[in-house]
Amino acid sequence: MIVCVCNNISDREIRMAIELGSDSMEALQRDLGVATCCGQCLSYATELLGDTLAQSHTTVLQETVLQRQTCSN
Ligand code: FES
């Protein structure tokens, strides 16, 4: 789904950029150009950022817990 119509940026592209290290709205604006024109996409892009970061942190936490459970030391 296209989130930023002005710059033709999809939710998938935004999630990928976040997973690759764009961890703030300023970084997304710099790296993708999202919300740099009319600004109508800013609130949804910010919501995507928060959801994706939270999901990413949960995944890292789950992987850490799993590693601890399988370690024999
Ligand atoms: S829709 Fe994203 S800047 Fe206009």
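Above this text sits the structure in question.
Peer 1: Sorry if this is basic, but what is going on with unusual backbone geometry here?
Peer 2: Trans is the common state for peptide bonds, and a negative phi is the common state for residues other than glycine. Its identity is not glycine, yet asparagine 8 carries a phi of approximately 55°, on the positive side. Mapped onto the elements of the fold, asparagine 8 is located in the loop between β1 (2-4) and β2 (9-10). On the accessibility criterion, asparagine 8 (52% relative accessible area) is exposed.

Peer 1: Mind showing me how you'd approach the environment of tyrosine 44 here?
Peer 2: Along the polypeptide, tyrosine 44 turns up in helix α3 (residues 42-70). On the basis of relative accessibility, which here comes to 30%, the residue tyrosine 44 falls in the partly exposed class. Here the alpha-carbon distance between tyrosine 44 and threonine 58, two residues 14 residues apart in the chain, equals 21 Å. Other than its neighbours up to four places away in sequence, tyrosine 44 contacts Met1 and Val3.

Peer 1: I tried to follow the nonpolar core on my own but got confused; where do I start?
Peer 2: If you look at soluble globular proteins, the nonpolar side chains tend to sit buried side by side. The biggest cluster of nonpolar side chains holds 14 residues, and the ones touching the most others in it are Ile14, Met25, Leu28, Val34 and Cys41. Only β1, α1 (11-19), α2 (25-31) and α3 provide two or more residues apiece to this core. Sequence-distant contacts of valine 34, defined by excluding residues within four places in its chain, comprise Cys4, Ile9, Ile14, Met25, Leu28, Gln29, Cys41 and Ala45.

Rules used in this analysis
Residues numbered from 1 in each chain as written. Predicted model: local features only at pLDDT ≥ 70, side-chain atom pairs only at ≥ 80, totals over all residues. Heavy atoms only, no water. Helix = DSSP H or I, 4+ residues; strand = E, 2+ residues; numbered from the N terminus. Buried < 20%, exposed > 50% of the residue type's maximum accessible area, 1.4 Å probe, protein only. Contact = heavy atoms within 4.5 Å. Core = buried A, V, L, I, M, F, W, Y, C linked by side-chain atoms within 4.5 Å.

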